[in-house]
Amino acid sequence: MASFGLKDRSGIDASHLQLPPGPWQSVLAGLCARFPRIEREAWTQRFARGRVQDTNGLSLAADTPYRAGMAVRYFREVDDEPRIPFEGKILFADNDLVVADKPHFLPVTPAGRFVAETLLGRLRQQLDNPMLVPLHRIDRETAGLVLFSANPHTRSAYQSLFPRRAIEKTYEAIAPPLPALSMPHVRRSHLRAGEPFFRMCEADGVPNSETRIDVIGREPLAWRYRLQPITGRKHQLRLHMAALGAPIVNDSLYPELAMRAPDDFSRPLQLLAKALRFNDPIDGQPRSFESRHMLSTL
């Protein structure tokens, strides 16, 4: 029987499911009922390729009897997943930390229609390190720096940098001019989940997000902005700029939803995670990293 462990050969983490009570005769039938959008043939093929397993990592047969409470793990797949034709670059790597420079359009981790095409999966293969995990996230559409923990034994030390706000994050963005706004400007607002579910919105309430905004380049039709998020809410920078009347160039979510084909790479969001600075929690040395990506010229 095949055994992949907790991750498959491409670095994708297994999903876990405890089978609920039900009348199904086999695990295959139960999974088909639990995930009706996935065709029975797709599940049958996953069983045949060892991608449905028990908790020991041993592949299950499609006719394995269904038992409520049984723990099953499986590896997600997406039919016709588009290939992302851009590569991330490793800027720094030691036994504890990896710093990668992510291109536009490549997700950091599996989500939605992207499972195999992720920065995490590619780095795990490149470095032959299945223990690699991201310490934070940036949007699929955003380019720039992402920190990864390479060592489970020191991971918590690096993770603690973020809630303590002990790491300085600097972004750059291209957006319409804001001549009426005094710069630098601090935007504070209360962000919550919006509609549809993957968008955020500003609402009444105590501010839970804060961004420092400044201008570092001015042209008649667009300015180059420096954005420094003090908090790390989902889509915070994109929403704050849109709320000020200067949505980031090529933003497909704010202020309005613009549906695009998953393989349309012609209009990258003009947002870049440009720099990260912090004192290393292991040796105390100052760390400073800067993305090599450049946004479109003004």
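Before going into details, it helps to say that this report is about the structure given with it.

About the criteria used
- Residues numbered from 1 in each chain as written.
- Predicted model: local features only at pLDDT ≥ 70, side-chain atom pairs only at ≥ 80, totals over all residues.
- Heavy atoms only, no water.
- Phe/Tyr/Trp six-rings, centres within 6.5 Å; stacked < 30°, edge-to-face > 60°.
- Buried < 20%, exposed > 50% of the residue type's maximum accessible area, 1.4 Å probe, protein only.
- Core = buried A, V, L, I, M, F, W, Y, C linked by side-chain atoms within 4.5 Å.
- Helix = DSSP H or I, 4+ residues; strand = E, 2+ residues; numbered from the N terminus.
- Contact = heavy atoms within 4.5 Å.
- Polar contact = N/O pair within 3.5 Å; in protein donor to acceptor, adjacent residues only side chain to side chain.
- 1 Å grid on protein atoms, 1.4 Å probe; cavity = no way out; pocket = protein on both sides within 12 Å on 5 of 7 lines; lining within 4 Å.
- Points joined across faces, edges and corners; volume = space filled by probe spheres on them.
- Nonpolar A, V, L, I, M, F, W, Y, C, P; charged D, E, K, R; others polar.

1. Some details on the packing of aromatic side chains
Evaluated as defined, the whole model comprises 11 aromatic pairs. Between Phe35 and Trp43, the ring centres sit 5.7 Å apart and the planes meet at 40 degrees, which makes this aromatic pair tilted. Here Phe35 and Trp43 have matching classes, each one buried. Where Trp43 meets Tyr74, the ring centres are 5.6 Å apart and the plane angle is 75 degrees; that geometry is what we call edge-to-face.

2. Some words on the nonpolar core
In summary, soluble globular proteins display a tendency toward joint burial of nonpolar side chains. With 32 residues, the main nonpolar core has Leu119, Phe148, Tyr171, Tyr225, Leu227, Met241 and Leu271 as its most contacted residues. Only β5 (97–102), α3 (119–127), β7 (143–149), β8 (167–175), β11 (209–218), β12 (223–229), α5 (236–243) and β13 (271–279) provide two or more residues apiece to this core. Ignoring anything within four residues of it in the chain, the contact list for Leu271 reads His104, Thr142, Ala143, Tyr171, Glu172, Ala173, Leu227, Leu237, Arg238, Ile248 and Leu295. One finds Leu19, Leu31, Val52 and Met70 within the second-largest nonpolar core, a separate group that totals 15 residues.

3. Quick notes on the side chain of Ser149
When you line up the elements, Ser149 lands in strand β7. A polar contact of 3.4 Å, which involves the side chain of Ser149, links it to the backbone oxygen of Asn151. Apart from the residues within four sequence positions on either side, Ser149 is in contact with Asp96, Met131, Leu132, Val133, Leu135 and Arg155.

4. Comments concerning α5
In terms of burial, α5 is a largely internal element, seven of the eight residues being buried. Of the residues making up α5, those classed as buried are Gln236, Leu237, Arg238, Leu239, His240, Met241 and Ala242. Looking at the buried positions of α5, the neighbouring elements they touch are β8, β9 (185–193), β10 (200–203), β11, β12 and β13. Taken from the residues just after α5, Gly245 is the one with a positive phi, measuring 95 degrees.

5. A short note on the layout of surface pockets
The space that makes up the largest pocket amounts to roughly 1,600 Å³. If you trace the largest pocket, you find 50 residues lining it, with Ile138, Asp139, Arg140, His235 and Arg238 closest to the centre. Split into classes, the residues belonging to the lining of the largest pocket amount to 24 nonpolar, 11 polar and 15 charged.

6. Some details on empty space enclosed by the protein
Summed over the entire model, instances satisfying the criterion amount to one cavity of 30 Å³ or more. When its volume is computed, the largest cavity comes out at roughly 40 Å³. Lining the largest cavity we find His136, Leu145, Lys169, Thr170, Tyr171, Ala273, Lys274, Ala275 and Leu276. Secondary structure elements with two or more residues in the lining of the largest cavity: β8 and β13. It is β13 that contributes the most residues to the lining of the largest cavity, four residues altogether. Its residues assigned to classes, the lining of the largest cavity shows five nonpolar, two polar and two charged.

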